[in-house]
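# Report on the structure
If you want the building blocks of each chain, they are given just below.
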Amino acid sequence: MNKKITVIILLDALRWDYFDRSKSIFTSNLKNKSTTAELVPTFGFEPDGAFLSGVYPEKSNGGMHYWYSPDTSVFKWTKKYSNLFKKFPTSSQKYIRFFIRLINFLKESEKGKKYFSFPSKIPFEYLELFDPVHDKLMFEKDLFDCQTIFDICRNKKINWDFIGYPTYRGTLDKGIYKIINSVNKGNSFVFGFFGELDRIGHKFGPDSIEINNLISHIDNSIQILFNELEKKYDFDFILFGDHGMVQVNKELDIQSNLNKLICNPGKDYNYFLDSTFARFWFNNDDAKTEIYNLLESLDGGSIINQPIKDYYSINYPHNKFGDIIYWMNDGNIILPNFFQGSQSIEGMHGYPDNVRDNNSFFMHYNSVSKTKNTLGKTSMIDIFEIIKNTIN
């Protein structure tokens, strides 16, 4: 009897239809022997709590990379230098940001803050206000207040391994050999996380030749992995994306509108411009009213109200994600923002769940049963139980 193992590959931004419209012969055939679904991500950019623990954002603090937390900010030390940093020419500021990231990597002990404390394009004078939400990586103990799939492996004393971002930054075509090596060393549960689809999707767009070519390479890598696993193991193989990718069709300049207001940032309010969210924290009611009225007048998105919070389970027990959040509509982005700066991009994610191309792909293959099953549109919350069952 062959040894039983589980291999999971998470491809960042694997859209629901990528394998249907490109030259992915092996994976397309594999779908006919697997359980497949069109996954609907939970709120925001980071749905990790959904597939790791089966919980909604309000329980896992999911959705955003940064939150408002001046007291704990890893960038607090930059406050005394922010005016100096701003004096550097724009062409040189990328080196300043690299320096900030390097200092944080060297000084932080928690892996989440060590790897995720990059300043992006956050204005230097605002850096001290914000902090990465999680101070641990997805495979570490006590990531959430509930158990993750890695905690389950630890509790059951199952040998496991994590290969991928951010501790391994290679692409899938190289990563599969690390996965094969890991299972051959005795690990029964191996989780791989690779980000090349996300990078290409943002830069060239989800409908680009570059994406189709990359999917073809991914298909080839999966076939190589299967050929090796089938020699020695009975295995469960799960392939999925954490979100899809939407073609950008409109840019909204919220920053220019804020510059026209009477209220002043830093004094009356603070804000963070994500690519599809504008988030605000207020020091007085006048500023809150003025910004609320501004957002209501904009054409491109809408303010998140209580029914929306209830629907997406984002009734957080704090306001660190914002007192008011403005959410962009299908294909619209905020530009400039605190991630891309003023650089236009072709693809984005983080949209409401009525935007289909924000959805991702899921496939579960069992080498013994080889049973075809189609789940249709499925919440990302639900795949936690599927993963958990492969461990059991």
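Structure first, text after, so check above.
Residues numbered from 1 in each chain as written. Predicted model: local features only at pLDDT ≥ 70, side-chain atom pairs only at ≥ 80, totals over all residues. Heavy atoms only, no water.

## Considerations on the packing of helix 8 (residues 172–184) against helix 10 (residues 209–232)
The contact between helix 8 and helix 10 brings their axes to 9 Å, and the two run at 15°. As judged from the angle between their axes, helix 8 and helix 10 are roughly parallel. Helix 8 and helix 10 meet at a crossing whose hand is right-handed. Only Ile 218, Ser 221, Ile 224, Leu 225, Glu 228, Leu 229 and Lys 232 of helix 10 make contact with helix 8, whose side of the interface consists of Leu 172, Asp 173, Ile 176, Tyr 177, Ile 179, Ile 180, Val 183 and Asn 184. Here the contact of helix 8 with helix 10 is built from residues that sort into 10 nonpolar, 2 polar and 3 charged. (Axes fitted to C-alpha atoms, helices over the stretch in contact; angles between N-to-C directions. Helix = DSSP H or I, 4+ residues; strand = E, 2+ residues; numbered from the N terminus. Parallel < 35°, antiparallel > 145°, perpendicular 65-115°, else oblique. Left-handed = near helix turned anticlockwise from the far one by under 90°. Contact = heavy atoms within 4.5 Å. Nonpolar A, V, L, I, M, F, W, Y, C, P; charged D, E, K, R; others polar.)

## Quick notes on the packing of aromatic side chains
Throughout the structure, instances matching the rule amount to 47 aromatic pairs. Each ring, one from Tyr 66 and one from Phe 118, has its centre 6.3 Å from the other, and the planes form 80°; the classification is edge-to-face. Highlighted residues: Tyr 66 in strand 3 (residues 66–68) and Phe 118 in the loop between helix 6 (111–116) and strand 4 (130–132), separated in sequence by 52 residues. In this structure Tyr 66 comes out as buried when scored by relative accessible area, which is 0%. (Phe/Tyr/Trp six-rings, centres within 6.5 Å; stacked < 30°, edge-to-face > 60°. Buried < 20%, exposed > 50% of the residue type's maximum accessible area, 1.4 Å probe, protein only.)

## With respect to helix 5 (residues 93–107)
Compared with the 21 Å implied by 1.5 Å per residue over 15 residues, the 21 Å span of helix 5 between its first and last C-alpha is a close match. Buried within helix 5 are the following residues: Gln 93, Ile 96, Arg 97, Ile 100 and Asn 104. The buried residues of helix 5 occupy one face: seen down the axis, they fall within an arc of 100°. Residues Lys 94, Tyr 95, Phe 98 and Leu 106 are exposed on helix 5 and point more than 90 degrees away from its buried face. (Expected span 1.5 Å × (residues − 1). Arc of directions from axis to C-beta.)

## Quick notes on the environment of Phe 235
Position of Phe 235 among the secondary structure elements: in strand 7 (residues 233–240). Here the alpha-carbon distance between Phe 235 and Asp 151, two residues 84 residues apart in the chain, equals 21 Å. Sequence-distant contacts of Phe 235, defined by excluding residues within four places in its chain, comprise Ile 5, Phe 226, Leu 229, Glu 230, Tyr 365, Asn 366 and Ser 367.

## Here we look at the state of the cysteines
Within this structure, the stated rule accounts for 0 disulfides. Note on Cys 146: no disulfide assigned, nearest cysteine sulfur contributed by Cys 153 at a separation of 15 Å. Taking the relative accessible area as the measure of exposure, Cys 153 reaches 0% and is therefore buried. (Disulfide = S-S within 2.5 Å.)

## Here's the deal with the packing of helix 9 (residues 196–204) against helix 10
Where helix 9 contacts helix 10, the two axes come as close as 9 Å, and the packing angle between them is 165°. As the angle between them shows, helix 9 and helix 10 are arranged roughly antiparallel. Considering only the axes of helix 9 and helix 10, their crossing is right-handed. Contacts between helix 9 and helix 10 involve Glu 196, Leu 197, Ile 200, Gly 201 and Phe 204 from the first element and Glu 210, Ile 211, Leu 214, Ile 215 and Ile 218 from the second. Across the contact of helix 9 with helix 10, the residue classes tally to 7 nonpolar, 1 polar and 2 charged.

## Details of the sheet that holds strand 7
Strand order in the open sheet formed by 7 strands is 5-6-1-7-16-2-17, and the pairing between neighbours is mixed. The open sheet is flanked by strand 5 (160–164) and strand 17 (373–379), the only strands paired with a single partner. Averaged over neighbouring strand pairs, the angle between their axes works out to 15° when direction is ignored. (Pairing = 2+ DSSP bridges.)

## Observations concerning the pattern of salt bridges
All chains considered together, the criterion is met by 13 salt bridges. We note a salt bridge from Arg 15 to Asp 207, for which the minimum N-O separation is 3.5 Å. Separated by 192 residues along the polypeptide, Arg 15 in the loop between strand 1 (3–11) and helix 1 (25–31) and Asp 207 in the loop between helix 9 and helix 10 bring together distant segments of the chain. The closest approach of N and O atoms between Lys 250 and Asp 299, which form a salt bridge, is 3.4 Å. (Salt bridge = Lys/Arg side-chain N within 4 Å of Asp/Glu carboxyl O.)

## Notes on the nonpolar core
With 71 residues, the main nonpolar core has Met 138, Phe 191 and Phe 240 as its most contacted residues. Here this core takes 5 residues from helix 14 (residues 383–391), the largest share from any one element. Residue contacts for Phe 240: discarding those within four places in its chain leaves Ile 8, Ile 9, Leu 10, Leu 11, Leu 14, Leu 39, Phe 51, Phe 191, Phe 361, Phe 362 and Ile 383. Among the nonpolar cores identified, the runner-up in size contains 36 residues, and Leu 14, Ile 179, Leu 229 and Met 363 belong to it. (Core = buried A, V, L, I, M, F, W, Y, C linked by side-chain atoms within 4.5 Å.)

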